[in-house]
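# What the coordinates show
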Amino acid sequence: MSDILIRVEGRCGRVTLNRPEALNALSEPMCVALDAALVAWAADEAVDLVVIDAAGERAFCAGGDIARLYAEGKAGNFAHGQDFWRKEYRMNLRIAGYPKPVVSLMQGFTMGGGVGVGCHASHRIVGESSQIAMPECGIGLVPDVGGSWLLALGPGRLGEYLGSTGMRMGAADAIYAGFADAFVPEAVWPAMIVALRTEGVAALERFAVTPPAGVLAQQQAQIDAHFGGETLGDIVRSLRNDNSDFAQAALRVLGRVSPLAACAAIEMQHRLGDNPTLPRALELEYRFTHRAQEWGDFLEGIRAAVIDKDRQPKWLHDSIESVSAAAVAAMLAPLGAQAWTVEDEA
């Protein structure tokens, strides 16, 4: 059985991620196949819209195939990861700029690479099981696949908070943060897909309902108060002066992530500024991911979380305060001829 199912049903291009036993983790062949289908359907007058969903109940896509990235990276084949990210970012940009409606149905875990597939769609559907996050700092990477752009578009300092902590968003919070558009109860998703095939995206309106309440809107003032510092060190010092449950929970999470990656994630949000663009975000993300295996904490983060599962990573830096501005700048320095560019989308 293929890891990705691609077909046309009526006037609808259909993509189903089909690795439920691996939480539909995105491999390079899946990425390439999805991108090729999008290219073909863009020029196909028989296809009016695209629907992307996933098999199983646990996940839309919990991320990239990091076990393969770890094996290749430990063998010194850094080019494998660099090539994968280059192709993946090309696909992310294509979804975001697609000339036809793209509907994504994101049940369960939608994280990392799954955000790059589902959250750049024009019509992003979540349900009661949806858990969306950018948890890359926990494995020594930064929010990528265009996630840094989505974060930068969020209200106030939400991008800094969600990007550094990797906190999970349920349906209402994902909509509030700009990672999703509508809540539809998962029991009616099959009927909704049938309606999409015959009516197009106009069918979505009658299926969408109000989601259960989230927490981010209520936390916005605290997030803005603490996560507006110039560096992650400033943010941590602000949190330490607050005994609230919110501040203490954020500190605990920040105590577990890669200090280098989290510091870089904050710097990336600042560099993207108030008028971020997706191509700029992808180019900046690639600066870090291109170097992450050889010079960052990425391989150690995967080892601790996925390979050995000891949850005891030995990060390059002992603390957030020990990460210098020069270390962050080095990871985000221009790549010259190796840079990711918009031309990679062609």
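In what follows, the accompanying structure is described. (Residues numbered from 1 in each chain as written. Predicted model: local features only at pLDDT ≥ 70, side-chain atom pairs only at ≥ 80, totals over all residues. Heavy atoms only, no water.)

### Considering the overall build of the protein
When its secondary structure is counted, the protein shows 16 helices and nine strands. In terms of overall dimensions, the protein is globule-like: its C-alpha atoms have a radius of gyration of 19 Å, near the 20 Å expected for 346 residues. Overall, the protein is about 55 × 45 × 40 Å in size when its C-alpha atoms are taken along their principal axes. The buried share among the 346 residues of the protein stands at 56%. Long-range contacts, defined as pairs at least 24 residues apart, comprise 73% of the intrachain contacts of the protein with a sequence gap of at least 6. (Helix = DSSP H or I, 4+ residues; strand = E, 2+ residues; numbered from the N terminus. Rg over C-alpha atoms; globule rule 2.2 N^0.38 Å. Buried < 20%, exposed > 50% of the residue type's maximum accessible area, 1.4 Å probe, protein only. Contact = heavy atoms within 4.5 Å.)

### Quick notes on the pairing of strand S2 (residues 12–17)
Of all the six residues making up S2, six are buried; the element is thus mostly covered by neighbouring parts of the structure. Judged by which residues are buried, S2 turns out to be covered on both faces: Cys12, Arg14 and Thr16 on one side and Gly13, Val15 and Leu17 on the other are all buried. Judged from the six bridges that link them, strand S1 (residues 4–9) and S2 form a sheet pairing that is antiparallel. Bridging across to S2, Arg7 finds its partner in Arg14. Hairpin remark: S1 followed by S2, antiparallel, with two residues in the connecting loop; positive phi at Gly10, about 65°. Looking at chain direction, S2 and strand S3 (residues 49–54) are connected through six bridges and run parallel. Across the sheet, residue Leu17 finds its bridge partner in S3, namely Ala54. The parallel pair S2 and S3 is bridged by helix H1 (residues 28–42), and the resulting crossover is right-handed. (Pairing = 2+ DSSP bridges. Right-handed = clockwise from strand over helix to strand, strands pointing away.)

### Some thoughts on the side chain of Asp297
Tracing the chain through its elements places Asp297 in the loop between helix H14 (278–295) and helix H15 (298–307). Comment: no salt bridge for buried Asp297; closest opposite-charge side chain is Arg303, at 10 Å. Residues within four places of Asp297 in sequence aside, it is in contact with Ile139, Gly140, Ser258, Leu260, Ala292, Trp315 and Leu316. (Lys, Arg positive; Asp, Glu negative; His and termini not counted. Salt bridge = Lys/Arg side-chain N within 4 Å of Asp/Glu carboxyl O.)

### Section: the sheet that holds strand S4 (residues 59–61)
A sheet is described by the order of its strands in space; here three strands give the open sequence S4-S6-S8, paired in parallel fashion. The outermost strands of the open sheet, each flanked by one partner alone, are S4 and strand S8 (131–133). Strand-to-strand twist of the sheet, defined as the mean angle between neighbouring strand axes without regard to direction, takes the value 15°. (Axes fitted to C-alpha atoms, helices over the stretch in contact; angles between N-to-C directions.)

### What about helix H13 (residues 259–272)?
Between the first and last C-alpha of H13 there are 20 Å, a value that for 14 residues agrees with the 20 Å anticipated at 1.5 Å per step. Within H13, 11 of the 14 residues are buried, which leaves it mostly tucked inside the rest of the structure. The inward-facing, buried residues of H13 contact helix H5 (147–152), helix H6 (158–165), helix H11 (232–240), H14 and helix H16 (325–331). Looking one or two residues beyond H13, the residue adopting positive phi is Gly273, at roughly 65°. (Expected span 1.5 Å × (residues − 1).)

### Description of the sheet that holds strand S5 (residues 102–106)
Taken in spatial order, the six strands line up as S1-S2-S3-S5-S7-S9 in an open sheet, and their pairing is mixed. Either end of the sheet is taken by a strand with one partner, and the two such strands are S1 and strand S9 (182–183). Strand direction decides the pairing type here: strand S7 (residues 123–126) and S9, joined by two bridges, are parallel. Directly across from Val126, in S9, lies its bridge partner Phe183. Here helix H8 (residues 189–199) sits on the sheet and contacts S1, S2, S3, S5 and S7; the angle it forms with S5, its principal contact strand, is near 175°.

### What to know about H8
Residues lying three or four places apart along an α-helix face the same way, a consequence of the helix completing one turn every 3.6 residues. Listed in full, the buried residues belonging to H8 are Trp189, Met192, Ile193, Ala195 and Leu196. In an axial view of H8, the angular spread of the buried residues amounts to 165°, which keeps them on one side of the axis. Residues of H8 that are exposed and angled more than 90 degrees away from the buried face: Pro190 and Thr198. Those residues of H8 that are buried lie in contact with S2, S3, S5, S7 and helix H9 (204–207). Phi turns positive, to about 80°, at Gly200, one or two residues after H8. (Arc of directions from axis to C-beta.)

### Comments concerning the nonpolar core
Leu34, Ile132, Phe179, Phe227, Leu232, Phe288 and Phe298 are the most contacted members of the largest nonpolar core, which has 96 residues in total. It is H13 that contributes the most residues to this core, nine residues altogether. If you look at the next biggest cluster of nonpolar residues, it comprises 16 residues, including Leu49, Val184, Trp189 and Phe207. (Core = buried A, V, L, I, M, F, W, Y, C linked by side-chain atoms within 4.5 Å.)

### Some remarks on the pattern of salt bridges
Scanning all chains against the criterion turns up 23 salt bridges. A salt bridge links Glu300 to Arg303; its shortest N-O distance comes to 2.9 Å. With Glu300 and Arg303 both in helix H15, this residue pair falls three residues apart, about one helical turn. Classification of Arg303 by relative accessible area gives buried; the value is 13%. Sharing partners across several salt bridges, the network here consists of Arg7, Glu9, Arg14, Asp53 and Arg197.

Just geometry here; none of it tells us what the structure is for.
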